[in-house]
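Reading the structure
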Amino acid sequence: LDTGEDKPRQKVGHPYTLWTDTSDYFKAQREWLRKEIKTEACRTAKFRIVLAHAPPFEWEKPYYAAQISKFADCFFGKNPECRIDLWLCGDIHCPYRFDPLTGDLTGAKRVPTKRKPCELTAKDRRDIHFPVYVNDGPRGAGQTFSVTRIAVRNDSLLVTCTGADGTLMDQIVIRPGKPFEVLNTTYKKYTPYRKSK
C-alpha cells in the first residue's frame, strides 16, 4: 500500500508541494483494495502480509493514521472485512513490533525530542488487531539499514531482523491467534512517550 506522506496538502513553495495532494489517489487505492480482498488469491492465501511505508498507528500527528484508516479500513476493527497476518513497514526509523494479543510494544529505545515526541494513542491500539513490525532506518534508534526477513512456514511466519553488521537484533514467530514467540531479541518493552503538558 502507498501510505503517502505524513503531512496534508502544502502551500506552493513548500518542499512537499504537490507530494501530498493524494485524496483522489487514496480513493482509487481504496477501490482497488476492496476488489483485491475479494479475489480468490486473497481469500485462500495461507498468510496475508501488507507491505507499506508507514505503520497504521498515530505517532507524532493524527494525519498519517487518519489517511491510512480511510483507505485500509477493511483491515481495522475486531471483525475486519479482511484479516491480515502482518503489517510490515518502516517510516519512523526505529525498529519495534506490536503484538495485538498482549498489547506489547517492543523495540529499540526512541528518545523524544521537541520535533518528535513519539506519541502512540490508545485509540489506535483499540482498532488494530493484527501484528505490526517496523523496520529500522537512517539516523534511527537501532542499526541503520537493518534488514527484516519473513520466512513463510506451514503454520507460522518467522520474522528475523538483522543489523547491517550481521548482528541478530530480533527473531520472532507469528502464529495466527497466538502471542509472539520470541526466539532471540535485543529489544526491550517499549513504553510510548507522551507529550508533556
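Residues numbered from 1 in each chain as written. Predicted model: local features only at pLDDT ≥ 70, side-chain atom pairs only at ≥ 80, totals over all residues. Heavy atoms only, no water.

Topic: the overall build of the chain
On a plain count of helices and strands, the chain comes out with four helices and ten strands. When its helices and strands are written in sequence order, the chain yields α-α-β-α-β-β-β-α-β-β-β-β-β-β. The buried share of the chain, reckoned over its 197 residues, is 46%. Counted over contacts in the chain with a minimum sequence separation of 6, partners at least 24 positions apart contribute 63%. (Helix = DSSP H or I, 4+ residues; strand = E, 2+ residues; numbered from the N terminus. Buried < 20%, exposed > 50% of the residue type's maximum accessible area, 1.4 Å probe, protein only. Contact = heavy atoms within 4.5 Å.)

What to know about the pairing of strand β6 (residues 147–152)
Pairing of β6 with strand β7 (residues 157–162), which is carried by six bridges, proceeds in the antiparallel orientation. Along β7, the bridge assignment pairs Ile150 with Val159. Hairpin connection between β6 and β7: a loop of four residues separates the two successive antiparallel strands. (Pairing = 2+ DSSP bridges.)

Side note on the confidence of the model for the chain
Per-residue pLDDT for the chain has a mean of 85; in total, 80% of the residues score no lower than 70. Mean pLDDT values over the elements of the chain span from 70, in helix α4 (residues 122–127), up to 98, in strand β1 (residues 49–51). (pLDDT = per-residue confidence, 0-100.)

Overview of helix α1 (residues 23–36)
For α1, built from 14 residues, the straight-helix expectation of 20 Å at 1.5 Å per residue is met to within 8% by its first-to-last C-alpha distance of 20 Å. Considering only its buried residues, α1 is in contact with α3 (62–71). (Expected span 1.5 Å × (residues − 1).)

Examining the sheet that holds strand β2 (residues 86–89)
Read from one edge of the open sheet, six strands run β1-β2-β5-β3-β4-β10, paired in mixed fashion. In this open sheet, the two edge strands, each paired with only one partner strand, are β1 and β10 (188–189). Alignment of strand β3 (residues 96–98) against strand β5 (residues 132–134), held across three bridges, turns out to be antiparallel. Pairing of Phe98 across the sheet is with Val132, part of β5.

Description of the nonpolar core
The biggest cluster of nonpolar side chains holds 30 residues, and the ones touching the most others in it are Ile68, Ala72, Phe75, Trp87 and Val132. Put simply, the parts of the chain that give this core at least two residues each are α1, α3, β2, β3 and β5. Among the elements that make up this core, the one with the highest residue count is α3 (three residues). Beyond its immediate sequence surroundings of up to four residues, Val132 is in contact with Pro55, Pro56, Phe57, Trp87, Cys89, Tyr96, Arg97 and Phe98. Counting twelve residues, the second-largest nonpolar core is a separate cluster that includes Leu86, Leu88, Val159 and Ile174. (Core = buried A, V, L, I, M, F, W, Y, C linked by side-chain atoms within 4.5 Å.)

Topic: the pairing of β7
Burial within β7 is extensive, with six of its six residues counted as buried. Residues Leu157, Val159 and Cys161 of β7 are buried on one face, and the alternating residues Leu158, Thr160 and Thr162, pointing to the opposite face, are buried as well. Two strands pair when backbone bridges link them, and β7 and strand β8 (residues 168–174) are joined in this way by six bridges, in the antiparallel orientation. When the sheet's bridge partners are listed, Thr162 is paired in β8 with Leu168. Where β7 folds back onto β8 in an antiparallel hairpin, the turn is made up of five residues, including Gly166, whose phi is positive at roughly 95°.

With respect to unusual backbone geometry
Notably, Asp91 is not glycine yet its phi reads approximately 75°, a positive angle. Here Asp91 shows up in the loop between β2 and β3. Classification of Asp91 by relative accessible area gives partly exposed; the value is 22%. The phi angle at His93 is positive, at roughly 60°, despite the residue not being glycine. Relative to the helices and strands, His93 resides in the loop between β2 and β3. Judged by relative accessible area, which is 30%, His93 ranks as partly exposed.

Quick word on the pattern of salt bridges
Taken as a whole, this structure holds seven salt bridges when the rule is applied. A salt bridge links Lys189 to Asp104; the shortest N-O distance between them is 3.3 Å. With Lys189 in strand β10 and Asp104 in the loop between β3 and β4 (105–107), this pair connects stretches of sequence that are 85 residues apart. We classify Lys189 as exposed; its relative accessible area is 63%. On the basis of relative accessibility, which here comes to 27%, the residue Asp104 falls in the partly exposed class. As a salt-bridge pair, Glu181 and Arg175 come within 2.7 Å of each other at their nearest N and O atoms. One salt-bridge network, held together by shared partners, links Arg30, Arg34, Asp73 and Glu81. (Salt bridge = Lys/Arg side-chain N within 4 Å of Asp/Glu carboxyl O.)

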